[in-house]
Structure formats: C-alpha cells, structure tokens
Amino acid sequence: MLIDLHNAYDLELFGTDLSGSAVELRFKRNDYAINPNSLPSTVTLSCDGNVRLAFNDLCAIATRIDDEGIEIAYFDEECDWLSFLDEQMAQRQEPEGLHLSFINGFAVRIFCDEVTFTVQ
C-alpha cells in the first residue's frame, strides 16, 4: 500500500513521551485525498533513539514541544542546521532520515534510529 502523506494527510498531533526520548507524529486524512475510502483515516509515525527534528514552521505545531531529550531545530531558506537542509548530504549519512513535506508548505525533517509506521 502506498500512502501519499504529502497530498492526502495533514499533521494532526505531534508529541513526545514523558522521557522526551521518543516522538509520535499522527496524520489525519484530509479533503484532498484521492479515493479516500481506500486510505486509512490516520497514519502514525513513532520515532525512537537519537531523535533529531527540524521544522520549517514552528507555528504549525499546535502542542507544546518537550525538547528535554530531543534535539529540535527550526529551519528556513536562509539557515542550515547540520545536514537537514542539504538533501544529498543527508542521504549519504546514516541514518538517512525522513523528510515530510505537505501541500500547505509545512515540512518536518526527522533523524532517529527507528521508526514504527502504523495505520488506522
């Protein structure tokens, strides 16, 4: 099953566990989804181990970010944070990481040791 997070989903929830060492991102199917009945209503990414996150718009995150155990950064077109803005460099390093970019322009970059992908 292929799931188009970019066009068919919006970020619904972003949160960390109590220790601040794991991140969960939950996405909800939006009105732009093609054949919505064939897609799960929600998709969740759970990220664990050496988590690093970067966002291009912190105002798009509705919840408080607990960054005690997680490295969090903001990026825009003029700022560089390690290799988050250099896609080719990021792809040459381990782990490769995830780049999530959405139709509304919001983008999240995630580096971690392990990601669990679940659907509902």
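Bear in mind that the values here come from a model prediction, so they are computed numbers and not experimental data.

Engineer: Help me understand the overall build of the chain, please; the structure alone is not making it clear to me.
Structural biologist: Looking only at helices and strands, one finds 2 helices and 8 strands in the chain. Secondary structure elements of the chain, listed N to C terminal, follow the sequence α-β-β-β-β-β-α-β-β-β. Taken across its 120 residues, the chain has 34% of its residues classed as buried. With an accessible surface of roughly 7,400 Å², the chain has 47% of that area assigned to carbon and sulfur atoms.

Engineer: Whenever I open this one, the pairing of strand β1 (residues 9–16) confuses me. Can you help?
Structural biologist: Remark: a regular strand shows side chains that alternate across the two faces of the sheet. As paired strands, β1 and strand β2 (residues 22–29) are joined by 7 bridges and run antiparallel to one another. By the bridge assignment, Thr-16 is partnered in β2 with Val-23. Count of turn residues in the β1/β2 antiparallel hairpin: 5 residues, of which Gly-20 carries a positive phi of about 75°.

Engineer: Would you take a moment to explain the sheet that holds strand β3 (residues 42–48) for this structure?
Structural biologist: Sheet strands line up and pair through hydrogen bonds in the backbone, either parallel or antiparallel. Taken together, the 4 strands give an open sheet; going across it, the order is β1-β2-β3-β8, and neighbouring strands pair in antiparallel fashion. Only two strands of the sheet have a single neighbouring strand rather than two, namely β1 and β8 (114–119). Along the sheet, successive strands turn relative to each other by an average axial angle of 20°, direction set aside.

Engineer: Explain the packing of aromatic side chains here, please?
Structural biologist: What characterises a pair of aromatic rings is the spacing of the ring centres plus the angle enclosed by the ring planes. For the structure on display, the rule yields 0 aromatic pairs. Sitting over the ring of Phe-111, Arg-52 keeps its end group 4.8 Å from the ring centre.

Engineer: Would you take a moment to explain unusual backbone geometry for this structure?
Structural biologist: Keep in mind that most residues, glycine aside, have a negative phi and that most peptide bonds are trans. Of note in the backbone geometry, Asn-35 takes a positive phi value of approximately 50° without being a glycine. Note on placement: Asn-35 falls in the loop between β2 and β3.

Engineer: Mind showing me how you'd approach the pattern of salt bridges here?
Structural biologist: Side chains carrying opposite charge are able to pair once their charged atoms draw close together. Evaluated as defined, the whole model comprises 1 salt bridge. Residues Arg-26 and Glu-12 are paired through a salt bridge, measuring 2.9 Å at the closest nitrogen-oxygen approach. Taken together, the positions of Arg-26 in strand β2 and Glu-12 in strand β1 put the pair 14 residues apart, joining distant regions of the chain. Among the residues examined, Glu-12 registers a relative accessible area of 39% and is labelled partly exposed.

Engineer: How do you make sense of the environment of Gly-20 when you look at a structure like this?
Structural biologist: If you trace the backbone, Gly-20 turns up in the loop between β1 and β2. With relative accessibility at 0%, the residue Gly-20 sits in the buried group. Residues Gly-20 and Ile-70 lie 50 residues apart in sequence; the distance between their C-alpha atoms is 6.1 Å.

Calculation criteria
- Residues numbered from 1 in each chain as written.
- Predicted model: local features only at pLDDT ≥ 70, side-chain atom pairs only at ≥ 80, totals over all residues.
- Heavy atoms only, no water.
- Helix = DSSP H or I, 4+ residues; strand = E, 2+ residues; numbered from the N terminus.
- Buried < 20%, exposed > 50% of the residue type's maximum accessible area, 1.4 Å probe, protein only.
- Areas by Shrake-Rupley, 256 points an atom, 1.4 Å probe, with all protein chains shown as cover.
- Pairing = 2+ DSSP bridges.
- Axes fitted to C-alpha atoms, helices over the stretch in contact; angles between N-to-C directions.
- Phe/Tyr/Trp six-rings, centres within 6.5 Å; stacked < 30°, edge-to-face > 60°.
- Lys NZ or Arg CZ within 6 Å of the ring centre and 35° of its normal.
- Salt bridge = Lys/Arg side-chain N within 4 Å of Asp/Glu carboxyl O.

As far as function goes, none of this settles anything; it's purely spatial.
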